[in-house]
Amino acid sequence: MTAFDASRVPEVRASRGLTTPPRWAVLERELFAVQDKAWRIFSDRYTEDDGRLVFRDRLGEGLDGRDGVDDFYEAFFNWPTLYLLGGSADVLAAARRHWRGVTAQLTGMGMLVDEFERGYDWFHQGEGMLLFYGLCLASPGDGELRELAGRFADLYLPGGPNYDPEHRIIRAPHNGAAGPRWGFSDHDVYFPWSLALRPYGLPLDWIDEAVPFDDLAADPARARAYGRVMWERMGRGDTIVNLCATSLVTNAYLLGGESRHADWVVEYVDAWRRRLDGRDVVPDNAGLHGVVGEHLDGRWYGGHYGWSWPHGLPPVGTAAIVGAANATLLTGDASYLDLARNPLDVVLGRAERRRPADVPTITKRWRPHLRGLEHEPTLMAPMRRDDSGWFDHNIMPTQLPVALWQFSRAAADRERVDRLREEASWDWTAVHTQRTKEESGHEEPWYEYLAGRNPGFPERMLRSAIDTCAQRLESIAADPVDPAVGPDAFGIHDWQDRNPVVTEALLQLTTGSPQVLYNGALAQMHLRYFDAEERRPGLPADVAALVTSIDAEHTVVELANLGQAPRSLVVQAGTFAEHVIHEVRADDEPPTPVEGPHVHVRLPGSTHVRLTLTMTLRGGTPTYETPPMEVRR
């Protein structure tokens, strides 16, 4: 890959007058405006002066006493993203204050050591780290964040407590600042920890101690006997969701540029590639000696948050994409993406058409799409695998194949998404006003828009996002919890449900990117913007952007200045300036050569321009460094 001279940024200028502002542009600026008010209402209602959440209960107690850290950080996970897209500078300052406050709060409860989680699985740790990754991306020059990022990453490098360089494993499913945290609880080996686990069945249904779930729940002696075997079988050794830790180390590399961080990411992802080598399916576990199935009598399935329990494909597929994308980003070697493709293709190869009415585990994510179609067969793939074979058929989590296609832009990855669309029973162009904690769920209509089959999507998606923000504010106003006391330990998910910041629409429309994969991915924004006047990330005031095409070689984006004042911005190719723009064409003007990741765009008052960027994906060296933002008069 090539490093580029950042002092050379070609410039283009908008020349078309804007008599009637496009509706999408007006709605986009409205979405920025309503969120600038909404996050302040959330902060005032749920946090204290130092940024911590109002919470008088405690974590770290009981059978599931390692859980909960992620839920505190998740309340603010996308606030830095709003700033990066063009939200007010205040939202970044608030996000940083809340990160510090929550960190102090969790430290006081014994959940953190030196500002990092004591030890838990990366399905959850990855969720909690999204806020920190966003802060680092938004403030790459911040010395404190850089020091923390390096220190956190060192927990997983050779010489750190969690990694065994001889066998190339992370030593335990629960890991963190205290090193391997063996087993699943600090108090007892009892399983089940909670009756809420009942829908997922037993993690190990083949061991001698296995009896029906309800029998375990009713008999503490049996529950402890079963739990002891779980600790031995599943509570040590590596598990595939640990691939999400590669984002932690990649983040440190992007901030500091130390090759040892990039080298570890490649080494660890390569270890999982070797575990796949010669197999049909990527395994989900490796023992303390690096051997697949070492603690599971040779089974390639059965690891914690693996193929068998509790969710199957969603954590396995996410981890594979996260690890593969990070290795590809750091090396430029797209062959790593075969690791990400494998779990998706394996389950799709066993997919079949089933009626939603016959599948009791359909989640709320799909209910608006399937309303009225409960008896219409639609494509469902098995999410899990155990000794009985593949089971738990459900709708493929579309965010996984869409995220992979957006990252690779490869024809085979597009064909995988197209098969899902062709065999779905519902309308992929529909936009439903729905909100999950991941703040995603609209991949299908966005994909159809980029394919030219959903022209009204931008306006409908922006209206939906504005409505969602309003619904969150209504929920805050109606919240019955005493604002001076806060929720108890069972209610800490309520903050996520009421977070009024909505960035999915802005990511899709302004950057050409889906929402970040929630269990620990780094942002993969196809385009980014920097306000050259204010010398900060994000679209300038009054400016709206709409990405209409992200083909493998050409990207098209519309920019509109709705105000009278001239605006100046830098367009960057890739979150990390990793793409190479070869030339840019403004409207139908002759192309301007670029050969770098940046283009300077000048927008006189009430003007708009269509930019066509010819580029090569990941042809440059990724970095968090910001571009030059000298305003040329």
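Calculation notes
Residues numbered from 1 in each chain as written. Predicted model: local features only at pLDDT ≥ 70, side-chain atom pairs only at ≥ 80, totals over all residues. Heavy atoms only, no water. Helix = DSSP H or I, 4+ residues; strand = E, 2+ residues; numbered from the N terminus. Buried < 20%, exposed > 50% of the residue type's maximum accessible area, 1.4 Å probe, protein only. Pairing = 2+ DSSP bridges. Axes fitted to C-alpha atoms, helices over the stretch in contact; angles between N-to-C directions. Expected span 1.5 Å × (residues − 1). Contact = heavy atoms within 4.5 Å. Salt bridge = Lys/Arg side-chain N within 4 Å of Asp/Glu carboxyl O. Polar contact = N/O pair within 3.5 Å; in protein donor to acceptor, adjacent residues only side chain to side chain.

## Focus: the environment of F490
Inspection of the secondary structure puts F490 in the loop between helix 17 (457-477) and helix 18 (494-498). Judged by its relative accessible area of 80%, F490 is exposed. Distance from F490 to D57, taken between C-alpha atoms, is 9.6 Å for residues 433 residues apart in sequence.

## Topic: the sheet that holds strand 10 (residues 378-386)
Taken in spatial order, the three strands line up as 9-10-11 in an open sheet, and their pairing is antiparallel. Both edges of this open sheet fall to strand 9 (352-354) and strand 11 (389-394), since each of them pairs with a single strand only. Within this sheet the neighbouring strands show an average axis-to-axis angle of 55 degrees, counted without direction. Examined bridge by bridge, strand 9 and strand 10 share three bridges and lie antiparallel to one another. Paired with R354 across the bridge in strand 10 is T378.

## Comments concerning the pairing of strand 12 (residues 527-531)
Here is the key point about a regular strand: its side chains alternate between the two faces of the sheet. Of all the five residues making up strand 12, five are buried; the element is thus mostly covered by neighbouring parts of the structure. Going residue by residue along strand 12, you find L527, Y529 and D531 tucked away on one face and R528 and F530 tucked away on the opposite face as well. Two elements, strand 12 and strand 16 (residues 567-573), share five bridges in a ladder whose sense is antiparallel. Among the inter-strand pairings, R528 is bridged to a residue of strand 16, identified as Q572. The sheet contact formed by strand 12 and strand 13 (residues 536-537) spans two bridges and is antiparallel. Note on strand 13: the bridge partner recorded for D531 is R536. Where strand 12 hands over to strand 13, the hairpin turn is made up of four residues, of which R535 adopts a positive phi near 55 degrees.

## Focus on unusual backbone geometry
Backbone torsion omega between F191 and P192 reads 15 degrees, so that peptide bond is classified as cis. Considering the arrangement of structural elements, one finds P192 in the loop between strand 6 (169-170) and helix 7 (213-218). Residues W309 and P310 are joined by a peptide bond in cis, for which omega reads 0 degrees. Mapped onto the secondary structure, P310 falls in the loop between strand 8 (285-286) and helix 11 (313-331). Of note in the backbone geometry, D114 takes a positive phi value of approximately 50 degrees without being a glycine. Of the residues examined, D114 reaches a relative accessible area of 55% and is grouped as exposed. With a phi angle near 55 degrees, R535 is a residue other than glycine that sits in the positive phi range. Turning to its location among the elements, R535 is positioned in the loop between strand 12 and strand 13.

## A closer look at helix 9 (residues 245-256)
The end-to-end C-alpha distance of helix 9 is 17 Å, a good match for the 16 Å that twelve residues give at a rise of 1.5 Å each. Among the twelve residues of helix 9, eleven are classified as buried, and the element is accordingly described as predominantly covered. Every buried residue of helix 9 is listed here: A245, T246, S247, L248, V249, T250, N251, A252, Y253, L254 and L255. Residues of helix 9 that are buried sit in contact with strand 4 (116-117), helix 5 (122-138), helix 6 (143-154), strand 6, helix 10 (259-276) and helix 11.

## Overview of the pattern of salt bridges
On inspection of all chains with the given rule, the structure shows 44 salt bridges. D587 is paired through a salt bridge with R16; the nearest N and O atoms lie 2.8 Å apart. Of this pair, D587 sits in the loop between strand 17 (580-586) and strand 18 (592-596) while R16 sits in strand 2 (residues 16-17), and the two are 571 residues apart along the sequence. For R354, the salt bridge identified is with E352, shortest N-O distance 2.7 Å. Since its relative accessible area comes to 32%, R354 is described here as partly exposed. With a relative accessible area of 35%, E352 lands in the partly exposed category.

## Quick word on the side chain of H124
Mapped onto the elements of the fold, H124 is located in helix 5. A polar contact is formed between the side chain of H124 and the side chain of D121, at a distance of 2.9 Å.

## Thoughts on the sheet that holds strand 16
With mixed pairing, five strands are arranged side by side in an open sheet as 1-19-16-12-13. Across the chains shown, the open sheet's two edge strands, defined by having one partner strand only, are strand 1 (11-13) and strand 13.

Such coordinate-based values are descriptive only and should not be taken to indicate function.
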